[in-house]
Amino acid sequence: MTNPYLPLPTRIETIRTETTDRSLKTYVLRFQNGDDAERFRYRPGQFAEISLAGKGEVPIGIASSPTEGDALAFTINRAGVVTTAIHNLRAGELLGVRGPLGNGFPVERLEGRNLVIIGGGFAFTTLRSLAVYAMAPANRARFGRLTVVYGARRPGLLLYRKELEEWRARNDIEVAVTVDAAEGEWAGRVGFVPTVTKEVAPASDNAFALVCGPPVMIKYTLPILADLGFPPDRILLSLEMRMKCGIGICGRCNIGPKYVCKDGPVFSLAELKELPQEY
Amino acid sequence: MRRGIFPKDRLGELIRRWAADRQIVAPVRQGAVEFETVESVAGICLDYRNTRLPAKRLFFPPSEALLRFDFKAAPERQVAEAPSDTHPTVLFGVRPCEARSLTLLDCVFLGNDYRDPYYARRREATALVVLACSTTAPTCFCTSVGGSPTDRAGADLLLTDVGDVFLVEVVSDRGEALLAGFSLPGADIETIERAERAGAQLAASMPLVVGLDRIGSLDVHVFDDPCWQTIAERCLACAACSFLCPTCHCFDIQDEVIAQQGRRVRNYDACMFAQFTLHASGHNPRTYKSQRVRQRLLHKFAYFPDNFGAVACVGCGRCIRACPAGNDIRQWLSALAAACRDQSGAGCQPA
Amino acid sequence: MNLLVTQIRETARRLLEEGRVELVLGFEAGPVALRNAPCFVRRADEAGRLTWDRFCGLNLAVFLNGETRRVAVMAKGCDSRAILGLLKERRIVRDRLVIVGVPCEGMVDRAKVERLVGTTEIEAAHIEGEKIIAVGGGKTFEAPVEEVLRAACRECSAPTPVHYDLLLDVGQVADLSRLSDLSDPSDLSDLSDLSSQSQLGKPTLSPPARWRRFEAEAAKCIRCYACRNVCPLCYCRECCADQSDPRWIGASPNPSNNAMYLLMRALHLAGRCVDCGACVEACPVGVNVRDLFKRLEREVRERFGYVAGADPNQKPPLASFSMADPEDYITDV
């Protein structure tokens with residue numbers, strides 16, 4: 001009987017500091033055992049519990065796409081005890097991974113559709129996974145137009161800056177990157193994500209909007225999407241909740257009868273409207 | 001499902017037979033009655049209504065190591081599953097409500113996409129010999145939540161006290177195996193009928209929670225009802241109810257380290273605590289006590305039924321006895337059932 | 001007792017009708033025997049719900065923490081002492097509070113009744129004169145109420161409140177001081193060699209034996225925090241027992257961590273605990289926490305001449321200093 005509480009050992013291959021304040025780092029992890037890598041079949045939008053023995057675990061969205069090979073990438077924000085300890089690790093050290101957990105984005109339902117990806121701050125990580133997945137040569141033809149609106153408070157806090165530049169250079173994806181406030185040499189857009197979404201005005205026909213970000217960003221983005229004609233069942237959100245077991249047993253992360261770790265973290269706005277407003 | 005007669009004065013033999021290769025856990029009176037490991041029938045107390053602490057502690061303990069860490073070992077071998085301490089066990093003399101509570105916990109720990117191996121091992125290793133109730137306490141309300149004083153749900157053997165003998169019902173194959181080597185003469189119709197009548201009378205004598213007999217679960221729309229403020233007024237947001245409840249299953253996971261050794265443990269936790277849903281960012285979906293009281297009640301009586309088709313309460317009444325502030329879940333349910341009816345008009349889902 | 005109940009109801013009715021308060025806090029019959037429930041009365045015509053007897057052990061001051069509404073509280077002696085403590089710590093607004101002093105004769109300890117009857121399943125209990133009559137396990141049991149009073153009540157110095165806005169008067173008031181001179185036959189506590197039991201000639205325990213007794217109590221604790229949450233003086237928004245960074249007190253319920261929790265609480269309540277006994281009553285598994293608190297109460301009394309809840313003008317010892325404060329812990333000057 002496999003033990004769902006037992007983390008699988010991975011080794012840190014590379015660590016890349018994403019933000020100028022060093023609060024966010026991307027860890028590329030490689031499974032120690034080939035079997036584990038084989039079995040870890042994930043889809044964009046899923047997460048894993050990253051385990052540091054002696055400190056604890058944290059639920060982190062998977063930032064890599066399954067199309068990028070066996071290694072996993074996690075962008076981790078330094079927030080508490082465990083994440084601070086993780087930030088002190090070096091390449092070559094071990095971390096445990098439990099997963100893949102959660103429902104992820106409903107990739108089958110998204111096929112043949114236009115995707116409007118809207119992210120704020122460091123919630124962009126699983127959206128990166130989805131964008132890379134959709135742009136992979138083997139997958140691109142299965143999806144329609146790709147639009148990305150991504151913003152951070154200031155330029156120094158943007159994730160994946162080099163990649164965003166590469167995406168902008170492509171002709172099969174429209175990318176709008178913005179910051180709440182400019183600094184340094186920033187010559188790009190300045191404006192909140194909801195405002196920029198309104199400016200970009202992505203068409204809602206045959207489109208899904210996938211939104212991840214802080215509650216305040218979501219709150220102001222949803223009416224914009226409604227105005228653009230996105231119905232609630234084609235707006236998908238990825239929620240965050242305090243989690244422990246990650247497998248729907250410890251009782252902590254529920255919204256009504258749904259557990260964010262197991263029935264989520266991806267929910268459509270239509271589904272959320274049916275649930276108690278307690279998150 | 002055969003039934004037979006077992007003389008009480010032979011109980012010692014039966015216990016002795018089981019004790020040869022199994023651990024026996026039974027109610028023992030030390031002031032309050034609690035489950036303890038016993039060596040023989042001598043220490044067992046069957047003259048009781050219910051144990052103070054619930055049987056769930058034997059399957060889902062208050063504190064349990066999940067993993068063990070050895071930081072002196074090579075990095076790849078530092079983390080491993082904690083060694084198991086499970087033995088074949090007979091849980092003897094447990095009440096029907098407790099056995100039923102385990103079938104409900106099974107939904108969470110076993111019936112999921114993920115099986116909890118720690119709980120599963122203890123469940124698989126333990127046979128349940130249930131003792132039907134011959135009296136009830138004023139705080140008992142099992143009949144309001146789908147149970148009864150003679151319920152056989154979860155039992156391997158169901159014993160009913162009928163004077164000098166037990167009427168024994170073999171409920172499962174494991175129960176049958178427990179009786180290996182002991183004869184179980186069939187019970188005569190009169191004894192069976194007498195026992196069934198007494199059981200039915202006892203069940204009928206228990207007052208039903210007002211309103212709950214007409215609803216199988218709470219309508220989730222009662223979430224927005226203003227009654228929660230008043231309901232939660234007296235609550236002190238401790239976990240006396242949750243920790244004594246046979247069906248509460250929330251837990252916390254923590255890493256503990258001393259020098260070069262450590263472990264990852266799970267400990268009881270409760271949705272009643274203020275910091276239960278506190279995010280690292282400081283955001284807390286359930287800041288107010290009334291929200292947490294609502295969560296506890298709706299989880300048991302709306303969300304759990306939604307997911308598993310049964311209410312997560314067996315009516316044992318421990319929460320009522322334990323609450324330092326005089327809260328009574330039956331009163332809450334009646335108030336909510338009334339609010340339910342008001343809101344939906346057509347009435348709530350039938351039992 | 002009936003006179004008291006009448007006065008309580010009348011006072012509540014009057015205060016609500018006059019609009020002096022929005023809420024009256026008292027007791028009503030609870031769902032289980034031997035334990036009444038707090039009662040929140042908002043309308044004058046609901047005043048009839050209020051009652052009073054020997055099962056009103058909860059300290060109602062616990063509901064006053066941070067309260068901003070105009071509230072009247074039916075306060076017995078220990079309740080009013082706790083209120084005084086909260087006032088000194090600026091947790092209540094004085095002019096929004098009406099303290100109705102209720103003369104107390106001591107509250108019944110549910111665990112003592114259970115021990116005497118031999119079961120934890122007491123179905124019903126009532127007081128007749130000076131007797132308690134309890135029904136449980138198919139038997140009826142009688143005892144003098146004195147025998148089943150809380151240990152804290154037996155040693156209570158001020159059962160009738162000395163801090164109040166209104167004092168209910170039922171003529172003769174109980175004098176519990178005579179009980180503190182008598183040995184309590186059913187009191188199992190002898191953890192501290194400094195408790196009053198030792199002054200009565202009961203054998204004292206050696207320190208190792210005392211530690212073992214303490215650990216045995218700590219081993220019972222299930223960390224439900226009923227004791228903390230029922231205490232009027234435990235109002236920290238984030239209790240150090242709940243902090244995870246740093247983790248001051250291990251979360252796992254084992255004797256060592258539990259002992260730390262109990263010791264921490266005792267120290268944090270030093271000079272603040274009013275010895276109402278609500279914590280002992282609240283504990284679902286019968287941990288005797290009181291002796292620790294008594295020990296510290298005595299320390300504070302002897303070292304600083306301070307008793308919690310006694311003198312409204314006396315500054316709390318941890319918020320003040322005097323040149324005469326003992327310095328015997330400084331061994332090298």
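Keep in mind that what you see is a predicted model, and the values were worked out from it rather than measured. (Residues numbered from 1 in each chain as written. Chains lettered and ligands numbered in written order. Predicted model: local features only at pLDDT ≥ 70, side-chain atom pairs only at ≥ 80, totals over all residues.)

1. Some thoughts on the overall build of chain C
Summing up its helical and strand segments, chain C has 11 helices and eight strands in all. Across the 333 residues of chain C, 46% fall into the buried class. Counting contacts in chain C only where the partners sit at least 6 residues apart, residues at least 24 apart contribute 66% of the total. (Helix = DSSP H or I, 4+ residues; strand = E, 2+ residues; numbered from the N terminus. Buried ≥ 20, exposed ≤ 12 C-beta atoms within 10 Å, placed from the backbone. Contact = placed C-beta atoms within 7 Å.)

2. Comments concerning the overall build of chain B
Regarding its fold elements, chain B presents 10 helices and 11 strands. Expected size for 351 residues packed as a compact globule is a radius of gyration near 20 Å; at 22 Å, chain B falls within 12% of this value. With respect to the three principal axes, the spread of C-alpha positions in chain B is 65 × 65 × 40 Å. By residue count, 50% of the 351 residues in chain B fall in the buried class. A separation of at least 24 residues holds for 72% of the contacts in chain B among residues at least 6 apart in sequence. (Rg over C-alpha atoms; globule rule 2.2 N^0.38 Å.)

3. So, the sheet that holds strand S3 (residues 32-38) of chain B
One key point about sheets: their strands pair by backbone hydrogen bonds, in either a parallel or an antiparallel sense. Residues and elements named next belong to chain B. Taken in spatial order, the seven strands make up an open sheet running S1-S9-S8-S7-S6-S2-S3, and their pairing is mixed. The open sheet has two edge strands with one neighbour each: strand S1 (3-7) and S3. Taken pair by pair, the neighbouring strands of this sheet meet at an average axis angle of 25°, ignoring direction. Relative to S3, strand S2 (residues 23-30) runs antiparallel, the two being bridged by seven bridges. (Pairing = 2+ DSSP bridges. Axes fitted to C-alpha atoms, helices over the stretch in contact; angles between N-to-C directions.)

4. Examining the interface of chain A and chain B
Accessible area lost during the coming together of the parts is what is often quoted as the interface size. Each partner contributes to the interface: chain A provides 32 residues, whereas chain B provides 40 residues. Residue classes in the side of chain A that touches chain B are distributed as 16 nonpolar, 10 polar and six charged. (Nonpolar A, V, L, I, M, F, W, Y, C, P; charged D, E, K, R; others polar.)

5. A short note on helix H8 (residues 289-308) of chain B
With 20 residues, H8 of chain B ought to run about 28 Å at 1.5 Å a step, and its terminal C-alpha atoms sit 27 Å apart, in line with that. Approximately 55° is the largest bend angle found in H8 of chain B, and it occurs at His 299 of chain B. (Expected span 1.5 Å × (residues − 1). Bend = angle between axes of the 7 residues up to and from the residue.)

6. Re the environment of His 126 of chain C
All names here are of chain C. By secondary structure assignment, the location of His 126 is in strand S5 (residues 122-128). Overall, His 126 belongs to the partly exposed group, with 14 C-beta atoms counted inside 10 Å. Sequence separation between His 126 and Asp 45 is 81 residues; the distance between their C-alpha atoms is 26 Å.

7. Considering the domain arrangement of chain C
Residues and elements named next belong to chain C. Splitting chain C by domain gives domain 1 (2-109 + 149-319) and domain 2 (110-148). Counting residues at the interface gives 12 residues for domain 1, matched by 16 residues for domain 2. Here the side of domain 1 that touches domain 2 is composed, by residue class, of five nonpolar, two polar and five charged. (Domains from an automatic or database assignment.)

8. Here's the deal with the sheet that holds strand S1 (residues 23-32) of chain C
Residues and elements named next belong to chain C. Sheet architecture is open: five strands sit in the order S2-S1-S3-S4-S8, paired in mixed fashion. Of all strands in the sheet, those with a lone pairing partner are strand S2 (35-41) and strand S8 (166-167), marking the two edges. Where strand S4 (residues 97-101) and S8 come together, two bridges link them in parallel fashion. Residue Gly 101 lies in a different strand from S8, and its bridge partner there is Leu 167. Helix H1 (residues 2-17) contacts S1, S2, strand S3 (71-75), S4 and S8 of the sheet and is inclined by roughly 140° relative to S1.

9. Quick notes on the environment of Arg 264 of chain B
Residues and elements named next belong to chain B. Take Arg 264: it is sitting in strand S11 (residues 261-268). Note on Arg 264: 26 C-beta atoms within 10 Å, which makes it buried. Separated by 198 residues in sequence, Arg 264 and Leu 66 have C-alpha atoms that sit 5.6 Å apart. Those residues in contact with Arg 264 that lie beyond four places of it in its chain are Leu 66, Leu 67, Ile 253 and Asp 255.

10. Details of the domain arrangement of chain B
Residues and elements named next belong to chain B. Domain assignment breaks chain B into domain 1 (3-64 + 85-207) and domain 2 (213-251 + 270-344). Contacts between domain 1 and domain 2 engage 23 residues on the former and 19 residues on the latter. Here the side of domain 1 that touches domain 2 is composed, by residue class, of 14 nonpolar, six polar and three charged.

11. Section: the nonpolar core
Counting 223 residues, the largest nonpolar core has Phe 74 of chain A, Val 130, Leu 157 and Ala 240 of chain B together with Val 73 and Val 230 of chain C as the members making the most contacts within it. Contacts of Phe 74 of chain A, omitting those with residues within four sequence positions, involve Tyr 27, Leu 29, Ile 50, Ile 60, Ile 62 and Ala 63 of chain A. Ile 118, Leu 225, Val 266 and Leu 269 of chain A belong to the second largest nonpolar core, which has 51 residues in total. (Core = buried A, V, L, I, M, F, W, Y, C linked by C-beta atoms within 7 Å.)

12. Thoughts on the confidence of the model for chain C
Per-residue confidence for chain C gives a mean pLDDT of 87, with 89% of residues at or over 70. For the stretch residues 185-197 of chain C, pLDDT sits under 50, and the model shows 30 contacts to residues farther than four places along the chain or on other chains. (pLDDT = per-residue confidence, 0-100.)

13. What about the environment of Thr 160 of chain B?
Residue and element names in this part refer to chain B. Counting through the fold element by element, Thr 160 comes out in strand S8 (residues 157-161). Of the residues examined, Thr 160 has 25 C-beta atoms within 10 Å and is grouped as buried. Among all residues touching Thr 160, those that are not within four sequence positions of it are Ala 132, Thr 150, Phe 166, Leu 167 and Ala 195.

14. As for the interface of chain B and chain C
Contact residues are listed per partner, giving 31 residues for chain B and 29 residues for chain C. Within the residue set of the side of chain B that touches chain C, elements represented by two or more residues are helix H7 (240-244), strand S10 (251-258), S11 and helix H9 (318-322) of chain B. The class makeup of the residues in the side of chain B that touches chain C is 16 nonpolar, seven polar and eight charged.

15. Some remarks on unusual backbone geometry
If a residue is not glycine, its phi is most likely negative; likewise, a peptide bond is most likely trans. Cis geometry marks the peptide bond from Gly 99 of chain A to Pro 100 of chain A, where omega comes out at -5°. Within the element layout of this structure, Pro 100 of chain A appears in strand S6 (residues 94-101). Note the cis peptide between Gly 264 of chain A and Pro 265 of chain A, where omega equals 10°. Of note, Pro 265 of chain A is situated in the loop between strand S14 (258-259) and strand S15 (266-268). Positive phi, close to 60°, is recorded for Arg 223 of chain C, a residue that is not glycine. Here Arg 223 of chain C shows up in the loop between helix H7 (207-220) and helix H8 (226-230).

16. A few points about the pairing of strand S2 (residues 24-31) of chain A
All names here are of chain A. Sheet topology places strand S1 (residues 8-17) next to S2; seven bridges connect them, and they run antiparallel. Residue pairing for S2: Ile 15 is matched across the bridge by Tyr 27. In textbook terms, the turn of a hairpin is the stretch between consecutive antiparallel strands, and for S1 and S2 this stretch comprises six residues, one of which, Arg 22, has a positive phi near 65°. In the sheet, S2 pairs with strand S5 (residues 72-77) via six bridges, with the strands oriented antiparallel.

17. Here we look at the pairing of strand S9 (residues 174-179) of chain A
All names here are of chain A. Counting buried residues along S9, five of its six residues qualify, which places the element largely inside the surrounding structure. Alignment of S9 against strand S10 (residues 189-190), held across two bridges, turns out to be parallel. Across the sheet, residue Val 179 finds its bridge partner in S10, namely Val 190.

18. Examining the packing of helix H7 (residues 193-200) of chain A against helix H8 (residues 215-227) of chain A
All names here are of chain A. Contact pair H7 / H8: the axes reach a minimum separation of 8 Å and the direction vectors enclose 20°. Considering their axes alone, H7 and H8 lie roughly parallel with respect to each other. Seen along the crossing, H7 lies across H8 with a hand that is right-handed. Facing Val 193, Pro 194, Thr 197 and Lys 198 of H7, the residues of H8 in contact are Met 217, Tyr 220, Thr 221 and Ile 224. Residue classes in the contact of H7 with H8 are distributed as five nonpolar, two polar and one charged. (Parallel < 35°, antiparallel > 145°, perpendicular 65-115°, else oblique. Left-handed = near helix turned anticlockwise from the far one by under 90°.)

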